[in-house]
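Examination of the molecular architecture
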Amino acid sequence: MDITVFFNTKRKWILAIGQLIFIAIGGYLFFYPELLSSVLVRNETIIRTIGAFSLIYFSFIFLLSIKIYFRKVALIVSRKGLIDSSNSLSVGFIPWSSVVDICQIHEGSVAMVKIDITNSELIIDREKNFIKRLLLRRQNKKLGSPIVIPMIALNTYVDTLERQLTEKWEQYKLASES
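Residues numbered from 1 in each chain as written. Predicted model: local features only at pLDDT ≥ 70, side-chain atom pairs only at ≥ 80, totals over all residues. Heavy atoms only, no water.

Moving on to the overall build of the protein chain. Counting its secondary structure elements, the protein chain contains five helices and seven strands. The secondary structure elements of the protein chain, listed N-terminal to C-terminal, are β-α-α-β-β-β-β-β-α-α-β-α. Counting only C-alpha atoms, the protein chain reaches 70 × 30 × 25 Å along its principal axes. Long-range pairs, those at least 24 residues apart, make up 60% of the contacts in the protein chain with a sequence separation of at least 6. Charged side chains in the protein chain number 22 positive and 15 negative. The centres of these two groups are separated by 6 Å. (Helix = DSSP H or I, 4+ residues; strand = E, 2+ residues; numbered from the N terminus. Contact = heavy atoms within 4.5 Å. Lys, Arg positive; Asp, Glu negative; His and termini not counted. Charge placed at Lys NZ, Arg CZ, Asp CG, Glu CD.)

Along its 23 residues, helix α1 (residues 9–31) runs 33 Å from first to last C-alpha, staying within 8% of the 33 Å computed at 1.5 Å per residue. For α1, every residue scored as buried is listed here: K12, A16, Q19, I23, G26, G27 and L29. Each element contacted by the buried residues of α1 is listed here: α2 (44–65). Its side-chain oxygen 3.2 Å from the backbone nitrogen of K10, N8 forms the N-cap of α1. (Expected span 1.5 Å × (residues − 1). Buried < 20%, exposed > 50% of the residue type's maximum accessible area, 1.4 Å probe, protein only. Polar contact = N/O pair within 3.5 Å; in protein donor to acceptor, adjacent residues only side chain to side chain.)

Quick look at the layout of surface pockets now. Reported here for the largest pocket is a volume of approximately 1,100 Å³. Considering the residues around the largest pocket, the lining is formed by 31 residues, among which I61, S65, N87, S88 and P150 are closest to the centre. Of all elements in the fold, only α1, α2, β6 (110–117), α4 (130–143) and β7 (147–150) reach the threshold of two or more residues within the lining of the largest pocket. In terms of residue count, α2 provides more of the lining of the largest pocket than any other element does, six residues in total. (1 Å grid on protein atoms, 1.4 Å probe; cavity = no way out; pocket = protein on both sides within 12 Å on 5 of 7 lines; lining within 4 Å. Points joined across faces, edges and corners; volume = space filled by probe spheres on them.)

Right, let's talk about the packing of aromatic side chains for a bit. As enumerated under the stated definition, the model contains seven aromatic pairs in all. Ring-pair connections join several aromatic residues into one group, and the members of that group are W13, F62, Y69 and F70. Seen from the ring of F30, R48 lies directly overhead, with NZ or CZ sitting 5.6 Å from the centre. The positively charged end of K173 is found above the aromatic ring belonging to W169, 3.9 Å away from the centroid. (Phe/Tyr/Trp six-rings, centres within 6.5 Å; stacked < 30°, edge-to-face > 60°. Lys NZ or Arg CZ within 6 Å of the ring centre and 35° of its normal.)

A word on α4. Given a rise of 1.5 Å per residue, 14 residues ought to cover 20 Å, and the 20 Å separating the end C-alpha atoms of α4 matches this to within 8%. Here α4 has its buried residues at K132, L136, Q139, N140 and L143. The buried residues of α4 occupy an angular sector of 100° when the element is viewed end-on, so they sit on one face. When the buried face of α4 is taken as reference, the exposed residues oriented beyond 90 degrees from it are F130, L134, R138, K141 and K142. Two or three places before I131, at the start of α4, stands the capping residue N129, its side-chain oxygen 2.9 Å from that residue's backbone nitrogen. (Arc of directions from axis to C-beta.)

Pasting the structure below:
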């Protein structure tokens, strides 16, 4: 029996609105720096530069994440593997045969499930988008795996998801041994 993990719609849209607010603030800083000159920062060029960086960065993040806002299913766990579409760096289908370990990690205040795999470069190289491939390499270097499932927008708990993934993986290992 497959396990389907859905997005938490409320949290997902709160994240989208937060990103749009930061885009608006960046645009405001970029286009109207003279209104924000103060005792702390008198130079309009600095304010405009901060606005430009904010506008570019949060617009990039929003555009990278836009597919997520219209999805309902974040993760499908089956006896053959899992299909990950839980974030903008999702890699799609991951067969159980390539999984080495499943564990929880915490980055700041965000809990995540990390899935270690045998050949991470193979997963990264199958990605066609250059920017996504670059971000997957960075994530692999920083966290030790290109497959990380953040719990912030999912409709489940990190302990529950880790247990479900581990159980399915163990079932696969038992079935493949016999």
